[in-house]
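Descriptive analysis of the structure
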There are 2 protein chains.
Amino acid sequence: MTAPAGAPGSPSTGRARLADVAALAGVSVGTASKALSGAGRMRPETRQRVLDAVEALGFRPNQHAQSLHTGRSWTVGLMTTDGIGRFSTPVLLGAEDALGAGKISVLLCDTRGDAIREQHHLRNLMDRRVDGIIVTGRRTDPRPPLTGITGLESIPVVYALSPSTDPGDMSVVTDDKGGAELAVEHLLSTGRTRIAHVTGPEHHAAARDRARHAVAHLGEAGLELSTGRVHFGEWSEAWGRRAADAVLRTTPGTDAFFCGNDQIARGVTDALRERGVGVPEDIAVVGYDNWDTMALASRPPLTTIDMNIAEIGRIAALRLLEAIDAGEASPGVRTVPCRLVVREST
Amino acid sequence: MTAPAGAPGSPSTGRARLADVAALAGVSVGTASKALSGAGRMRPETRQRVLDAVEALGFRPNQHAQSLHTGRSWTVGLMTTDGIGRFSTPVLLGAEDALGAGKISVLLCDTRGDAIREQHHLRNLMDRRVDGIIVTGRRTDPRPPLTGITGLESIPVVYALSPSTDPGDMSVVTDDKGGAELAVEHLLSTGRTRIAHVTGPEHHAAARDRARHAVAHLGEAGLELSTGRVHFGEWSEAWGRRAADAVLRTTPGTDAFFCGNDQIARGVTDALRERGVGVPEDIAVVGYDNWDTMALASRPPLTTIDMNIAEIGRIAALRLLEAIDAGEASPGVRTVPCRLVVREST
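Counting restarts for each chain: residues are numbered from 1 in the order of the written sequence. The order in which chains are written sets their letters, starting at A; the order in which ligands are written sets their numbers, starting at 1. Only residues with pLDDT of at least 70 are given local features in this predicted model, and only at 80 or more are side-chain atom pairs given and counted; all residues enter the totals for whole chains, interfaces and linings. To obtain the side-chain values, all non-hydrogen atoms of the structure were used and water was disregarded.

1. Points about the confidence of the model for chain A
Under the convention used in this document: Per-residue confidence from the predictor is given as pLDDT, running between 0 and 100. Every residue pair with non-hydrogen atoms within 4.5 Å of one another is taken to be in contact.
When pLDDT is averaged along chain A, the result is 87; 90% of the residues meet or exceed 70. For residues 1-14 of chain A, every residue scores under 50 in pLDDT, and the model assigns this stretch 26 contacts once sequence neighbours within four places are set aside.

Shown next, in the form of C-alpha cells:
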C-alpha cells in the first residue's frame, strides 16, 4: 500500500495521475480534486487551469478522487454467505443488473458461512467506504444481522432471500405462503382432492413454511393431506422416489403430489412412471423452484412454482439505492410473489 | 457525483472524512492523503499531526485516498460474459478466494454476452482504475480479446475457461485432451474395448475437442469407436436417451459409453436401465463435468471427469496478481489438468 506513485513497472504507468494534473495546473492535489468533483469554492480561473490540464494529459476522471469529496464511493458490497449457488446466483444477477443501471459497482464477497471470512470481508468493505451492503444466502431461514464492525451502523444493509432476524432491518424474501397456496389451488382446480406433500428437512424454514401453508390452504377447502401428515426428508430425487413408493403402498387413493422442490418432484415422477402409474392421468405432480435442469428433464416436464429470485435481488438493490439516496433505511420485510408455471405433470 | 461532502442525509454522515482530518491537522487534503499513504516527502512533525488527527477523529484509512498516491486501487474486475452459471460460478469463487487472500477486492460485472453491456462495464472498470481484469465465460471456445477502451493496454487481463483468440494474451483453460484420455484410459483399463461416444453440438469446441482426443487415444490402442463415428447432438438428458437407444439398435456389441457431459451420461444410463441393460455389468458409462446434481442422482451414480474449474479461477487470479506485481504480463495459455472420479457406473 505504500509503494511510491509511478513506481517503475506499476501497471498504471502511462496513465496520467491526479498528481500530474495538479502539477501541470500549478495547484495542490486537493485543489485539483475539488475542481474535478465540483465541490468546494475556488476561483473560476483555477478550475479552468485544472480542466485544461485534464484535457492536455488525457486524464480520466478518477472515481477514487471524486469519492474523497462526495463522500460516496458509488460502490456496493454484495455478500453471499454460503457460496454462490443455484439460489444466490439469480439474486446476485438481479442485484447487479439494478445497480449497474445506476452506475453503481458491485464488490463481490463470498464468506462461505465462515464468521472469520465474514468479518474480513466486512472490514474490507468498510475500508472501501461502500455506500451499502446486500447480504444473501441459500436458505430462507432468518440469519443474525451483520455486526462487529465500526461504521456499519451508518450505511444501509439489505438482506435478500435470507432475512435478518431483526425486524428493524430491511429484508426481501420469497412468499412461501403464496407459493404453497398457488400449488394447492392449481391441484384443486384440476379436480385433485387427495394430495400428498413430500418435502425437505423439517429444520429448514422453506420445508416447514411451505408445508404449513399447504395444510392450512387445504383446510380452508375442507380437506387434509391424503396421507394425514407431511413427509419431511431430503431435498433429493432419491428421497422423492422413496417417498412416492411409501405413499403408493400406504395411501393408494392419492391423486396428486405437491413437492417441496423440483428434485423431489422429479424423483416422485420417476418412481410413479416406473411403477406404471400415469402422470398426470392417474396422479398429478407439482414441484417448486422452476429449476429448468430438473423441471424440463423430468418425464413429463414439471408444473412448478417459480420464486422469481432475480426479482428478489433486483428489489433488494432498489431498496438499497432508495436508502442510500434518502440517507435513511425504511425497515421491514418485503415479500416477492411467486408464480405458477404449468407443464405436463398436471 | 457532485453532491457536496457531508450533505444532510449522506450515508457517510458520522464518519470522519479526510477533509476533517486535514482541517484538524491544519494541512491540505493532499498533504493529509500523502501522510496516510506514506508517499511523498514531508516533515515528520506534519505527518505526526495528521496521524494525531486520524486518531482523534477515529478516521479509518480510506482506500480511495491511498489509491491517489499509490496508483493502485487494490481492485480487480471479474467479468463474466454469459451470466453466472454452473461453469462460471466456480471460476468466480476460485478467483475471489485467491484475490481475497491478497486483500484485493473483486468488482463483479455480468455482460450477458451483450457488446454494449461489455463496453459499459469496461468503461466503469477503467474509471475505477482496476489493477487488472479476469474474463470468464461458460464456453471453452476462444473469444476475441477485450478492446475498445483507452487505457486497457496498460493493465493485465487474464481469460479463464474461455481463452482469448490472441495467443499473446494470458489464458487459463481446461485440459480437454487430458480429460478425454483419462476417460478412455479408465474404460480400457476395466476391459472395455467397444466404446461409443455421445456428446454435445459439433459447433462447441468442448464437444469437438473431447471427441477428437478420445478417438486419437483409442487409435493409439489400435481401436476405434464401436459405432464408427461420434454422436454429436445436444448437452441434454433427452439426447443421451435417444442416442443410447440408437446405439443399442445399431451396434449391440457396444460395452461402454463415454459421454461429453453428465446430463448426456445420465440420459444414457436411464435408457439402458429402462431397456434392462445392466450398468456397469453389461455396459459401462463415463460422464464429464462431475456435476453432483447429475452424477449423484444418476442410477447408478456416474464415473465422470472433473475439470477442476475452481482451480482454473484460482490460477487465473494468481497469474493476474503476478502480472500486476511484475508490471508486465507473461503471455500464453496455461492448461489445468482434469481428474477422474470413479463411481458405480464403471
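The rest of the description comes next.
2. With respect to the packing of aromatic side chains
Residues and elements named next belong to chain A. Note the following rule: Pairing of aromatic side chains here covers Phe, Tyr and the six-membered ring of Trp, requires ring centres within 6.5 Å, and sorts the geometry by plane angle: under 30 degrees stacked, over 60 edge-to-face, intermediate tilted. Note on conventions: DSSP H or I runs of at least 4 residues are helices, E runs of at least 2 residues are strands, and numbering of each starts at the N terminus. Exposed residues in this analysis have more than 50% of their type's maximum accessible area, buried residues have under 20%, and partly exposed residues fall in between, with area computed by a 1.4 Å probe over protein chains only. We call a charge positioned above a ring when the Lys NZ or Arg CZ atom is no farther than 6 Å from the ring centre and deviates by at most 35 degrees from the ring normal.
Within the structure shown, the criterion is met by three aromatic pairs over all chains. An angle of 40 degrees between the planes, with centres 6.3 Å apart, marks the rings of Phe258 and Tyr288 as tilted. Residue Phe258 is located in strand β8 (residues 256-259), and its partner Tyr288 is located in the loop between β9 (284-286) and α11 (292-297); the two are separated by 30 residues in the primary sequence. Of the residues examined, Phe258 reaches a relative accessible area of 1% and is grouped as buried. The lysine or arginine in question, Arg210, covers the ring of Tyr288, its NZ or CZ lying 3.8 Å from the ring centre.

3. A few points about helix α9 (residues 237-250) of chain A
The cut-off we apply is this: Here a helix's expected span is defined as the number of its residues, less one, multiplied by 1.5 Å.
Spanning 14 residues, α9(A) covers 20 Å between terminal C-alpha atoms, matching the ideal 20 Å at 1.5 Å per step. Of the residues making up α9(A), those classed as buried are A:Glu237, A:Trp239, A:Gly240, A:Arg241, A:Ala243, A:Ala244 and A:Val247.

4. Overview of the packing of helix α10 (residues 262-274) of chain A against helix α10 (residues 262-274) of chain B
Two measures define how a pair of helices packs: the angle their axes make with one another and the distance between the axes. Definition in use: Here an angle of 0 to 180 degrees is reported between the N-to-C directions of two axes, which are lines fitted to C-alpha atoms, with helices fitted over the stretch in contact. Angular relationships are summarised with four words: roughly parallel below 35 degrees, roughly antiparallel beyond 145, roughly perpendicular across 65 to 115, and oblique for the angles in between. Note on convention: near helix rotated counterclockwise from far helix by under a right angle means a left-handed crossing. Clockwise means right-handed.
For the pair α10(A) and α10(B), the least separation of the axes is 13 Å and the interaxial angle reads 25 degrees. Comparing the axis directions of α10(A) and α10(B) gives the class roughly parallel. Relative to α10(B), the crossing made by α10(A) is right-handed. Facing A:Arg266, A:Asp270, A:Arg273 and A:Glu274 of α10(A), the residues of α10(B) in contact are B:Arg266, B:Asp270, B:Arg273 and B:Glu274.

5. What to know about the nonpolar core
Side chains of a nonpolar character, in soluble globular proteins, are inclined to be buried together. Inclusion rule: Think of a nonpolar core as a cluster: buried Ala, Val, Leu, Ile, Met, Phe, Trp, Tyr and Cys residues, connected wherever their side-chain atoms sit within 4.5 Å.
Judged by nonpolar contacts, the single largest core of 92 residues is most densely connected at A:Leu99, A:Ile134, A:Phe258, B:Leu99, B:Ile134 and B:Phe258. One finds A:Leu146, A:Leu152, A:Val157 and B:Ile133 within the second-largest nonpolar core, a separate group that totals 30 residues.

6. Section: the pattern of salt bridges
Heads up, the rule is: Should a side-chain nitrogen of Lys or Arg be within 4 Å of a carboxyl oxygen of Asp or Glu, the pair is scored as a salt bridge.
Within the structure shown, the criterion is met by 40 salt bridges over all chains. Among the ionic pairs, B:Lys177 bridges to B:Glu181, the shortest N-O distance being 3.1 Å. With B:Lys177 and B:Glu181 both in helix α7 (residues 176-189) and four residues apart, this pair spans about one turn of that helix. The exposure class of B:Lys177 is partly exposed, given its relative accessible area of 42%. Between B:Glu274 and B:Arg273 there is a salt bridge, and its shortest N-O distance comes to 4.0 Å. Three or more residues joined by partner-sharing salt bridges are found here, namely A:Asp270, A:Arg273, A:Glu274, A:Arg299, B:Asp270, B:Arg273, B:Glu274 and B:Arg299.

7. Quick word on the pairing of strand β6 (residues 195-199) of chain A
Residue and element names in this part refer to chain A. We apply this condition: Pairing between two strands requires that DSSP report at least two bridges joining them.
Among the five residues of β6, five are classified as buried, and the element is accordingly described as predominantly covered. Along β6, one buried face is formed by Ile195, His197 and Thr199 and the opposite face, lined by Ala196 and Val198, is buried too. Strand direction decides the pairing type here: β6 and β8, joined by four bridges, are parallel. For Ile195, the partnering residue across the bridge sits in β8 and is Ala256. When β6 meets strand β7 (residues 231-232), the two strands line up parallel, connected through two bridges.

8. With respect to unusual backbone geometry
All names here are of chain A. With an omega of -5 degrees, the peptide bond running from Arg299 to Pro300 counts as cis. Along the chain, Pro300 falls in the loop between α11 and β10 (304-306). Phi at Trp74 is positive, roughly 55 degrees, even though this residue is not glycine. Looking at Trp74, the relative accessible area reads 17%, which means it is buried. Here the phi dihedral of Asn290 falls at roughly 50 degrees; this positive angle occurs in a residue that is not glycine. On the secondary structure map, Asn290 appears in the loop between β9 and α11. Judged by relative accessible area, which is 17%, Asn290 ranks as buried.

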